[in-house]
Amino acid sequence: GEDGDTVRAFRLRKGWSQTRLAEELSTSQSHVARIERGTENLTIETCRKLSTVLGIDLNTLDQALKRQEAIAQAKQK
């Protein structure tokens, strides 16, 4: 959407649901939802898994996560 590259955007480009991404990461759908909302503090292990399954490098993932955090903070105001 208009939010730019976020984890959600990368997931949707693959045509995946949150449940499918959760399966790829061996985690829960609710965890994926928190990641996409920008409210989850991720471990480096989770970041590595995310970048691998989404097919993006860690720098791109970092930018996507920062963008999500900014969007989440803007919505709280």
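Conventions we followed
- Residues numbered from 1 in each chain as written.
- Predicted model: local features only at pLDDT ≥ 70, side-chain atom pairs only at ≥ 80, totals over all residues.
- Heavy atoms only, no water.
- Helix = DSSP H or I, 4+ residues; strand = E, 2+ residues; numbered from the N terminus.
- Rg over C-alpha atoms; globule rule 2.2 N^0.38 Å.
- Buried < 20%, exposed > 50% of the residue type's maximum accessible area, 1.4 Å probe, protein only.
- Contact = heavy atoms within 4.5 Å.
- Areas by Shrake-Rupley, 256 points an atom, 1.4 Å probe, with all protein chains shown as cover.
- Core = buried A, V, L, I, M, F, W, Y, C linked by side-chain atoms within 4.5 Å.

Draft legend 1. Main features of the overall build of the chain. Across its full length, the chain carries five helices and zero strands. The linear arrangement of helices and strands in the chain, starting from the amino end, is α-α-α-α-α. Against the globule reference of 11 Å for 77 residues, the chain gives a C-alpha radius of gyration of 11 Å, in line with a compact fold. Projected onto its principal axes, the C-alpha coordinates of the chain cover approximately 35 × 25 × 25 Å. Within the chain, buried positions represent 38% of all 77 residues. Partitioning the intrachain contacts of the chain with sequence separation of at least 6 by distance along the chain shows that 55% fall at a separation of at least 24. For the chain, the accessible surface area stands at approximately 4,900 Å², while carbon and sulfur atoms represent 44% of it.

Draft legend 2. Quick look at the nonpolar core. Val 7, Leu 21, Leu 50, Leu 54, Leu 61 and Leu 65 are the most contacted members of the largest nonpolar core, which totals 17 residues. For this core, the secondary-structure elements that each account for two or more residues are helix H1 (7–13), helix H2 (18–25), helix H3 (29–37), helix H4 (44–54) and helix H5 (58–76). Beyond its immediate chain neighbours, meaning those up to four positions away, Leu 54 contacts Val 7, Phe 10, Arg 11, Lys 14 and Leu 21.

Draft legend 3. Region of the structure containing the side chain of Gln 68. Along the polypeptide, Gln 68 turns up in helix H5. Look at Gln 68 and you get buried, because its relative accessible area is 3%. Among residues more than four places away in sequence, those in contact with Gln 68 are Thr 6, Val 7, Arg 8, Ile 35, Glu 36, Arg 37 and Gly 38.

Draft legend 4. Geometry of unusual backbone geometry. Even without being a glycine, Ser 26 presents a positive backbone phi close to 55 degrees. For Ser 26, the location among the structural elements is in the loop between H2 and H3. Among the residues examined, Ser 26 registers a relative accessible area of 67% and is labelled exposed.

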